[in-house]
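These are the residues of each chain, in order.
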Amino acid sequence: MIRNIGIIGAGQMGCGIAHVSAAAGYKVHIYDVAQDRIEAGLATINGNLARQVTHGKMTDEERSKALALISGSNDVNDLAPMDLVIEAATEDETVKRKIYAQICPVLKPEAILATNTSSLSITRLASATDRPERFMGIHFMNPVPVMKLVELVRGIATDEPTFTAAKAYVSALEKTITVAEDFPAFIVNRILLPMINEAIYTLYEGVGSVEAIDTAMRLGANHPMGPLQLADFIGLDTCLSIMQVLHDGLADSKYRPCPLLVKYVEAGWLGRKSGRGFYDYRGEKPVPTR
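Counting restarts for each chain, with residues numbered from 1 along the sequence as it is written. With the structure being a predicted model, the display of local features is reserved for residues of pLDDT at least 70 and the display and counting of side-chain atom pairs for 80 or more, all residues being used for whole-chain, interface and lining totals. Here the side-chain values reflect all heavy atoms present in the structure, with hydrogen atoms and water set aside.

An unreviewed UniProt entry annotates the protein as 3-hydroxybutyryl-CoA dehydrogenase of Metarhizobium album. UniProt positions are given in the numbering used here, feature names are shortened, and annotations may be inferred rather than shown by experiment. Quoted verbatim from the Sequence similarities (unreviewed entry) field of the UniProt record, the comment on the protein reads "Belongs to the 3-hydroxyacyl-CoA dehydrogenase family."

Visitor: What is the right way to look at the nonpolar core in this model?
Guide: One broad rule of soluble globular proteins: the nonpolar side chains tend to lie buried together. With 35 residues, the main nonpolar core has Leu84, Ile86, Ile138, Phe140 and Tyr169 as its most contacted residues. Numbering of helices and strands runs from the N terminus, with a helix taken as a DSSP run of H or I at least four residues long and a strand as a DSSP run of E at least two residues long. The greatest single-element share of this core, amounting to 6 residues, is contributed by helix 1 (residues 12-23). Contacts between residues were defined by any pair of non-hydrogen atoms, one from each residue, lying within 4.5 Å. When sequence neighbours within four positions are dropped, the list of residues in contact with leucine 84 reads Ile2, Asn4, Ile5, Gly6, Ile112, Ala114, Ile138 and Tyr169. We call a set of buried residues a nonpolar core when its members are Ala, Val, Leu, Ile, Met, Phe, Trp, Tyr or Cys and they connect through side-chain atoms within 4.5 Å of each other. Buried means the residue's accessible area, taken with a 1.4 Å probe over protein chains only, is under 20% of the maximum for its type, while exposed means over 50%, and partly exposed covers the values in between. In terms of nonpolar packing, the next biggest core, distinct from the first, is built from 26 residues, Ile196, Ile213, Cys258 and Leu261 among them.

Visitor: Would you take a moment to explain the sheet that holds strand 5 (residues 112-115) for this structure?
Guide: Whenever strands of a sheet pair, they do so through backbone hydrogen bonds, lying parallel or antiparallel. Here a strand pair is declared whenever DSSP counts at least two bridges between the two strands. One open sheet accounts for 8 strands, arranged 3-2-1-4-5-6-7-8; its pairing is mixed. Only two strands of the sheet have a single neighbouring strand rather than two, namely strand 3 (70-73) and strand 8 (176-180). The average angle at which neighbouring strand axes cross in this sheet is 25°, direction not considered. Where strand 1 (residues 4-8) lies against strand 4 (residues 84-87), 4 bridges are found, and the strand directions are parallel. When the sheet's bridge partners are listed, isoleucine 5 is paired in strand 4 with leucine 84. Here, axes are lines fitted to C-alpha atoms. For helices the fit covers the stretch in contact, and angles between N-to-C directions go from 0 to 180 degrees.

Visitor: Honestly, the environment of leucine 79 in this entry has me stumped. Any pointers?
Guide: Mapping leucine 79 onto the fold places it in the loop between strand 3 and strand 4. For the pair leucine 79 and proline 143, spaced 64 residues apart in sequence, the C-alpha separation works out to 25 Å. When neighbours within four sequence positions are excluded, leucine 79 is seen to be in contact with Gly6, Ile8, His29, Tyr31, Ile103, Val106 and Leu107.

Structure representation (C-alpha cells):
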C-alpha cells in the first residue's frame, strides 16, 4: 500500500508530481541536493495551489491540507520510510544512474522506485538498481497539475504487483493512464518530438518563419500552441536529448536532430527557461528570433 511518496528533484516536474500527490492525500517528501532549489520548489507549489483555489478547483482548506503533507530536505536518508520514490532528475542517463547508486541502499527493500524519464530505456535504468522487479516508468506530462495523462512503462523485469501499485497510485491522482511498451520515447514523445523536429527543419530550410509555422499549426491543425512555441516551453535541450535517444535507439535517419536545434542548444538558447529560444522572452511579450 503506497502512503509515503519520495520525489527526487525539486525542478518543474518534481514539484508538479509533489503537488498532485499531496492534493490526492499522499504524504510527500522532496529530496534535492540543493536546499535553495527545495525552498524555491515549495514556494512554487504554494503559488500553484493558491491559483487552483482562485480558479475554484480546490478550497483553501484543501490547499492548507495539501501543503501540510509536503516536506523537503537535502538529506538522502529522509527517503528511508518511503513506499514509492519517483526520480524526476534531468534527462541524462549518467545522472540518473548516479542517483540510483546513492538512494538504493537507503530505501526499504519493498519500496518501489520509479522514473519520470520521457525517453530513456526503463529496462536499462532498472538494471542500474538493486530492484529491477520493483522499478518502472511513471511518465507525467508537463505541467503536471494541468495535464491529464500519465504513461506507465514496464521494464522487462517489472513485476505485476509493482505495475498494479503504480496504476492504483496514478488512478488516485485522477489522471488517465496509457500503457506504453519500453521503446525509445514511449508513445507521446515518439510522435510529438519528430513533429517538433520537422517544424525546426521547416524553419531551417526557409519554408516559413517562426510566426508562420506556429500560426499554421495552431489554426491549420487546431493545435493549442505552435510546435516552436511548444519546443521553447519543453526546453530545446530536452527536445534535442529526446531526438538523440530516438536516433540512437531506432537507428533511423528520420529521427536525425535538425542542425538548427543543435545550434540553438549550443548557443544556450534553450527556450523559456533561459530567456531565449525560437522566441525572445526578455521583453514584455515573446518576439520570434528568426
